Amino acid sequence: MVSLVCSLTYGLGAMAVFVLWRTCISLYLSPLRVLRGPPCPSPFYGHVHHIFRAGNYHTAQKWVAEYGNNVFCRWLVKIPCLWTADPQAIRHVLQSGNFIKPWEFRLPAARVVGNSVLVAEGEPHKAQRTILNPAFGPAQVRELVPIFVDKSAELRDVWMEEISAQSGCARINVIAGLKKMTLDVIGLAGFDYDLQALRNTDKPNELYKAFHQIFNVTPPVSLRRIITDSVPFLGFLADEYTLATRHARAVMQRIGHQLIQQKKAAIMRERAGTSGEVETKDVHGRDLLTLLIKANMATDVPDAQRLTDEQVLSQIPTFLVAGHETTSTAAAWCLYALSHNRGAQEKLREELLAAPTVAPTMDDLAALPYLDHVLRETMRLYAPVALMIRAAQRDDVIPTSEPVVDRDGRVLHGIRIGRGNRVIISVLALNRSSAIWGEDALEFRPERWDNPPEGASNIPGVWGNSLAFSGGVHACIGFRFSVVELKALIFTLVRAFTFEFAADPADVTTIGMFTQRPALQSEVAKGAQLPFLIRPYVVA
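Residues numbered from 1 in each chain as written. Predicted model: local features only at pLDDT ≥ 70, side-chain atom pairs only at ≥ 80, totals over all residues. Heavy atoms only, no water.

**Student:** Run through the sheet that holds strand β14 (residues 531–536), naming residues and quoting values.
**Tutor:** As summarised here, the arrangement of the three strands in space is β4-β14-β11, forming an open sheet in which the pairing is antiparallel. At either margin of the open sheet sits one strand with a lone partner, and together these are β4 (170–173) and β11 (497–501). Neighbour-to-neighbour, the strand axes of the sheet open up by a mean angle of 40 degrees, direction not taken into account. Pairing of β4 with β14, which is carried by four bridges, proceeds in the antiparallel orientation. Directly across from R171, in β14, lies its bridge partner L533. Helix-sheet contacts for helix α13 (residues 309–340) involve β11 and β14, and the interaxial angle to β11 is about 80 degrees. Of the strands in this sheet, β11 and β14 touch helix α19 (residues 479–496), which is tilted by about 90 degrees from β11. (Pairing = 2+ DSSP bridges. Helix = DSSP H or I, 4+ residues; strand = E, 2+ residues; numbered from the N terminus. Axes fitted to C-alpha atoms, helices over the stretch in contact; angles between N-to-C directions. Contact = heavy atoms within 4.5 Å.)

**Student:** Account for a nonpolar patch on the surface, with residues named and values stated.
**Tutor:** Where nonpolar side chains cluster on the molecular surface, the patch consists of L353, Y537 and V539 and spans about 260 Å² of accessible area. When you line up the elements, Y537 lands in the segment after β14. (Patch = residues over 30% accessible without salt bridge, like charges linked within 9 Å, V, L, I, M, F, W, Y side chains within 5 Å. Areas by Shrake-Rupley, 256 points an atom, 1.4 Å probe, with all protein chains shown as cover. Salt bridge = Lys/Arg side-chain N within 4 Å of Asp/Glu carboxyl O.)

**Student:** Talk me through the environment of N431; I want residue IDs and the actual numbers.
**Tutor:** Examined against the element boundaries, N431 turns out to sit in helix α17 (residues 427–431). Spatially, the C-alpha atoms of N431 and A468 are 8.5 Å apart, while their sequence positions differ by 37 residues. Excluding anything up to four places from it in sequence, N431 contacts M379, R380, A383, W437, S466, L467 and A468.

**Student:** Let's hear about helix α12 (residues 288–297): which residues, and what values?
**Tutor:** Across the ten residues of α12, nine count as buried, placing the element largely inside the fold. Where α12 is concerned, the buried positions are L288, L289, T290, L291, L292, I293, K294, A295 and N296. (Buried < 20%, exposed > 50% of the residue type's maximum accessible area, 1.4 Å probe, protein only.)

**Student:** If you had to explain the packing of aromatic side chains to someone new, which residues and values would you point to?
**Tutor:** Per the counting criterion, the structure on display carries 15 aromatic pairs. Ring geometry for W437 versus W449: centroids 5.4 Å apart, planes at 55 degrees, classification tilted. One end of the pair, W437, is in helix α18 (residues 434–437); the other, W449, is in the loop between α18 and α19, and twelve residues separate them in sequence. Between the aromatic rings of F499 and F532, the centroid separation amounts to 6.1 Å while the plane-to-plane angle is 90 degrees, which identifies the pairing as edge-to-face. With a gap of 33 residues between them, F499 in strand β11 and F532 in strand β14 connect regions that are remote in the sequence. Chaining the aromatic ring pairs together yields one cluster made of W159, W333, Y336, Y382, F497, F499, F501 and F532. Above the face of the W463 ring, R376 is positioned so that its terminal group lies 4.9 Å from the ring centre. (Phe/Tyr/Trp six-rings, centres within 6.5 Å; stacked < 30°, edge-to-face > 60°. Lys NZ or Arg CZ within 6 Å of the ring centre and 35° of its normal.)

**Student:** I'd like a description of the packing of helix α8 (residues 174–191) against α19, backed by residues and values.
**Tutor:** Between α8 and α19, the shortest axis-to-axis distance is 12 Å and the interhelical angle comes to 130 degrees. As far as their axial angle goes, α19 and α8 are oblique. Between α8 and α19 the crossing geometry is right-handed. Touching L178, M181, T182, V185, I186 and A189 of α8 are F481, E485, L489 and L493, all from α19. (Parallel < 35°, antiparallel > 145°, perpendicular 65-115°, else oblique. Left-handed = near helix turned anticlockwise from the far one by under 90°.)

Here's what the structure looks like:
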């Protein structure tokens, strides 16, 4: 008996040591430690505050200059992390299938949007993209262009009223209007719901209020919030922001359920006059939610691949956040860039005014080459999503574009990474790399897209030789939607107005964690803003 007890004790002890090794010790004894990198400033936050603080691109510039494109740093609780702006390393991370979004991103995101395509990994993610893909094809986006154009014109009219009230020139924070316009667009194009963000400012509707509550403010990294997000039974410790978010999400879920039931009922009525069956190729409609539900109900979709109502529901807040925040941010940066390159602004306006219509189709927008160049240059220089983070599921060797010199002076031809180690992909550092884009990489010069540099073809993005819409299996599924919406918006605004920046350019910074929203350093507490002096364009 004693022998049996001893054997069990040793066995359990060995198992405990093995689990401790697999989950903790091996994580920290990472092969990444041989790389060069800055000293760790915090035992809990690691380099997180340095990477995500306002104006974080200065950190990226400093690290590239001092350590190169592959840097060893520390994530939360000092988890070893590879920070990279190396196109070959990034291609491997995005396309190999070994790197997923880490739990500390997915858990809090799932609390807001559910287990949507933004959060899911592996087979659940693949199944969701299979169902979602038909809704984001070129033909489907083409049908949405009238919404983009109409809402762009509505924003134009709102600003024109402000200008008239201020005697021909208004000082306007363009972020506010652009956010409302893109929110209205995704409400109508996403699920045929009129959020009335642009016009109904006195009494916003319930869904708009809920969305505004969740996404209007990006809270700072907080130990308390990390704990309550990670450990459900500690929810009673939730702070004010988390409690408000829970209430807002409950409102979004209730309205979302109503929308889904309405869409299903409409589809069934539509089927009543036919054979009652529909295949994926027969999926038509205007808003994305209707297209998604139709695709999910198609008879040629295996039952195992169908989404549950909860998974369909989770796409609604995902549509809202993905189709709203990044698009409005990109449009604001585009106007900022044009205000500092008056030649580009005038050249673009000349092309737009020569277009034979004030209500362009998708083909009309595609036929404007300088508009395309301006948008590509904006997304290169001011990519709304500045960073991406992934976690290694197993030990791996990451290839690099060129040999890496480690902290002991040894030359490495690949970077070994341990299971659980993190990788931070610096979108901005890659998009602004002078090794790829030349010595004028930090300049806004749309003409560079007449003949893009050869090195740009190595960037593994899904659009525009940049990582603005990511790449690999998690590439932005709605990139066509966003690009065409941006073109319609810039088409309408630049034709109608001249834009002059109304603050000191040296005061401009960025706020946000993964997105880089423009703000003024002197007024960071006011949140995202870009003030312009806007005047109606008058033909000379």
